[in-house]
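Fold and contact review
Spelled out from the first residue to the last, the chains are:
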Amino acid sequence: MAGAASAAAAVACGISARPAAPRRPWAGRRARSSVVRAAISVERGEKAYTVQKSEEIFNAAKELMPGGVNSPVRAFKSVGGQPIVFDSVKGSRMWDVDGNEYIDYVGSWGPAIIGHADDKVNAALIETLQKGTSFGAPCVLENVLAEMVISAVPSIEMVRFVNSGTEACMGALRLVRAFTGREKIIKFEGCYHGHADSFLVKAGSGVATLGLPDSPGVPKGATYETLTAPYNDAEAVKKLFEDNKGEIAAIFLEPVVGNAGFIPPQPGFLNALRDLTKQNGALLVFDEVMTGFRLAYGGAQEYFGITPDVATLGKIIGGGLPVGAYGGRRDIMEMVAPAGPMYQAGTLSGNPLAMTAGIHTLKRLMEPGTYEYLDKITGELVRGILDAGAKTGHEMCGGHIRGMFGFFFTGGPVHNFGDAKKSDTEKFGRFYRGMLEEGVYLAPSQFEAGFTSLAHTSQDIQKTIEAAEKVLKRI
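The protein is annotated in an unreviewed UniProt entry as Glutamate-1-semialdehyde 2,1-aminomutase, chloroplastic of Dichanthelium oligosanthes. Here the protein is described in UniProt, under the heading Cofactor (unreviewed entry), as follows: "pyridoxal 5'-phosphate".

Evaluation of the coordinates by the stated rule reveals 18 aromatic pairs. Pairing Phe409 with Phe428 gives two aromatic rings, centres 6.4 Å apart and planes at 65°, and the pair type is edge-to-face. Note that Phe409 is positioned in the loop between strand 14 (404-408) and helix 15 (417-420) and Phe428 in helix 16 (residues 425-437), a separation of 19 residues in sequence. Under the relative-accessibility criterion, Phe409 is labelled buried at 3%. Ring geometry for Phe428 and Tyr432: centres 6.1 Å apart, planes at 35°, overall tilted.

Let us look at the confidence of the model for the protein. Detailed reading of predicted coordinates is not advised where the pLDDT is low. The predicted model of the protein has a mean per-residue pLDDT of 89, with 87% of residues at 70 or higher. Confidence drops under pLDDT 50 across residues 1-45; counting only partners more than four residues distant or on other chains, this segment forms 81 contacts. In this model, residues 204-213 is a region of pLDDT below 50 whose contacts with residues beyond four sequence positions or in other chains number 23 contacts.

Now for helix 17 (residues 458-474). Counted at 1.5 Å a residue, the expected span for helix 17 with its 17 residues is 24 Å, and the 25 Å between its end C-alpha atoms agrees. Along helix 17, the positions that sit buried rather than exposed are Asp460, Ile461, Thr464, Ile465, Ala467, Ala468, Val471 and Leu472. Down the axis, helix 17 shows its buried residues gathered within 165° of arc, on one side only. Of the exposed residues in helix 17, the ones pointing more than 90 degrees away from its buried face are Gln459 and Lys473.

Attention now moves to the side chain of Ser92. Tracing the backbone shows Ser92 in the loop between strand 3 (86-90) and strand 4 (93-96). Of the polar contacts made by the side chain of Ser92, one reaches the side chain of Asp460; its length is 2.9 Å.

Listed as buried for helix 4 (residues 119-129) are Val121, Ala124, Leu125 and Thr128. Buried residues of helix 4, seen end-on, are gathered within an arc of 100° and therefore sit on one face of the element. In helix 4, those exposed residues whose orientation departs by more than 90 degrees from the buried face are Asp119, Ile126 and Glu127. Tucked inside the fold, the buried residues of helix 4 contact helix 5 (140-152) and helix 13 (352-365). The backbone nitrogen of Lys120 lies 3.1 Å from a side-chain oxygen of the residue at the head of helix 4, namely Asp118.

What follows covers the sheet that holds strand 13 (residues 397-401). Reading across the sheet, the 3 strands line up as 13-14-16 and stay open at both edges, with antiparallel pairing between neighbours. Two strands lie at the open edges of the sheet, namely strand 13 and strand 16 (450-451), each paired on one side alone. Judged from the 2 bridges that link them, strand 14 and strand 16 form a sheet pairing that is antiparallel. For Met404, the partnering residue across the bridge sits in strand 16 and is Phe451. Sheet contacts for helix 14 (residues 370-391): strand 13 and strand 14; angle to strand 13, the most-contacted strand, approximately 175°.

Let us now look at unusual backbone geometry. Looking along the chain, the bond that leaves Ala337 and enters Pro338 is cis, with omega of 10°. Residue position: Pro338 is located in the loop between helix 12 (330-333) and helix 13. Of note, the amide linkage connecting Gly412 to Pro413 takes the cis form, showing an omega dihedral of 0°. Within the secondary structure layout, Pro413 lies in the loop between strand 14 and helix 15. A positive phi angle is found at Phe76, which is not glycine, with a value near 65°. Relative to the helices and strands, Phe76 is located in the loop between helix 3 (52-61) and strand 3. A residue is classified by how much of its surface remains accessible, and Phe76, at 3% relative accessible area, is buried.

Glancing now at the nonpolar core. Membership of the largest hydrophobic core comes to 41 residues, with the highest contact counts inside it found for Phe188, Val237, Ile251, Leu253 and Phe304. In terms of residue count, helix 10 (residues 269-279) provides more of this core than any other element does, 4 residues in total. Per-domain counts for this core show at least three residues from each of domain 1 (52-116 + 369-473) and domain 2 (119-366). Apart from the residues within four sequence positions on either side, Ile251 is in contact with Ile186, Phe188, Val237, Phe241, Leu273, Thr277, Leu283, Leu284 and Val285.

Turning our eyes to something else, we now look at the pairing of strand 7 (residues 184-188). Counting buried residues along strand 7, 5 of its 5 residues qualify, which places the element largely inside the surrounding structure. Residues Lys184, Ile186 and Phe188 of strand 7 are buried on one face, and the alternating residues Ile185 and Lys187, pointing to the opposite face, are buried as well. Note: strand 7 against strand 9 (residues 248-253), 3 bridges, orientation parallel. The residue of strand 9 that forms the bridge with Ile185 is Ala250. Across 4 bridges, strand 7 lies against strand 8 (residues 226-229) in parallel orientation.

Cut-offs applied
Residues numbered from 1 in each chain as written. Predicted model: local features only at pLDDT ≥ 70, side-chain atom pairs only at ≥ 80, totals over all residues. Heavy atoms only, no water. UniProt positions renumbered as here; feature names shortened; annotations may be inferred. Phe/Tyr/Trp six-rings, centres within 6.5 Å; stacked < 30°, edge-to-face > 60°. Helix = DSSP H or I, 4+ residues; strand = E, 2+ residues; numbered from the N terminus. Buried < 20%, exposed > 50% of the residue type's maximum accessible area, 1.4 Å probe, protein only. pLDDT = per-residue confidence, 0-100. Contact = heavy atoms within 4.5 Å. Expected span 1.5 Å × (residues − 1). Arc of directions from axis to C-beta. Polar contact = N/O pair within 3.5 Å; in protein donor to acceptor, adjacent residues only side chain to side chain. Pairing = 2+ DSSP bridges. Axes fitted to C-alpha atoms, helices over the stretch in contact; angles between N-to-C directions. Core = buried A, V, L, I, M, F, W, Y, C linked by side-chain atoms within 4.5 Å. Domains from an automatic or database assignment.

In C-alpha cells form, the structure reads like this:
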C-alpha cells in the first residue's frame, strides 16, 4: 500500500459575475487607490476585473483587526496585492464583494471536500438550527459522529471533540505527556500543529508565509522540550532518540505535509517512525487535521497502512463549521478527564451544528467512487499546471494524493521544508495575482497545500489549466 501511495504522490517534477453587493455605509472611509486599482484591473470581455469594494472593506478592517484579518495568511503578505473579501460560495465557486467569480482550490483550507454550501448539509443544518445552536451539554449527535470517526480511522478507539485543529493538537500534546510521564516531543521543520506555544518551533503555515522564525511571546520554557528534525529524515530522528534516551514522549507530524506546501513522505519514512517510537517507548501522533478523510476515508493512516497511537482531526469532520478532535487507543484516551486525570474542556465542544455538518459530510464521502474521482481530477489539475510550466519555460515540480495537491516554482525534488524554501516565491506571487485575474483562487502562499472537491468538474480543471498557461506565458 505504501509503495502505491508514494507512486501516486510522485507526479512529474469572460467570467460570469453576480450582482454587486450593496454599498456599505462605512465603505468610503478610505480613499481609493487608483494606482492599485489600475495595476490589478484587466479587461475581461465586457467586465473589468476590479477589487474596489474588497479594497475599501480591507482598509476599514485594518483599523478594526490586527492586519485587517483574523488569520495571517489571508492578508496576502507573501503574494502581494489586495486581499479578496468574499461574499458567497457554492459548489466549486466563490464570489467576492465586487461580483468576481472564482474556481476555488482552497475550500476553506480543506473542509469543503464535497463542495461549498452543499444542499443536503444545509438542509440538515437548518433542521438542527431550529432546535438550538449550542447546549453546553451532551447531545445524541456527538455519539453519531463519534461512532463514524471511530469506525473509519484505524488508530481511534475513543475520541474527544474540540473546536479547532489547534485545540486538538494541544489536547493530544498534553495527553501523550500524561500517558508516558515524559515531556519532550519531536516535530518536523515546516510542520504546523496549530499555534500552541510548544509547537511554534520551526513551524510552517502562516509562520513560514510571513517569514517569522518563531513567535514573540512564547517563553523559552514552553519550547525547551520540543526537538526538531527535517521531514523525511529518519536518521535525524533516530539520533534525537539516542541523545534523549527515555525522555521523548511522542513524535508529532503531518503524515503528508500541507503547511509547507504539499510534501509527501518518502517510501519507508513513516514505517521508520513507527518502529522508532515502539523501540523507545514513545507514541506516534499523526496530525490529520488536513489529511483526515481527504486522502482516504480512514485518512493518511489508511492510505499508507501505518497506524499511529494518537491522531488529531479537524476541518472535514465539521463540514465547514468550527471543529477538531483527538483520539487514539482506549488505554491512552482513558487518561482524559473525567475518565482520567488529564484535564481538557470546552463549552462549545460537540455542539449540534458542527456535529450535524460533520455527519452529513462523512455520509457523502462514504459513497462509492468518491476518492477515485478526487484522485482523477486532482491528478489532471497538477499534471496540467506542470505541463504548462514546462511549455512556458518555468522550473516547477509538484504532486498530489487524492484531493490534496501542491506545486513549487523550483526544479525540485522537494522532500522537506529546506527544499521548499528554494522555491521562487516572488514568481509564485506574480503567478498567484495573475490567476486571480483569470478567475482562479489558490491558497495565497507558496507554502500551503491546495484542495479539490467533489463539486469540481472536468471543465473547472480544464479552465484552470488554460488560465495557468496564459499566466505563465506572461510572467
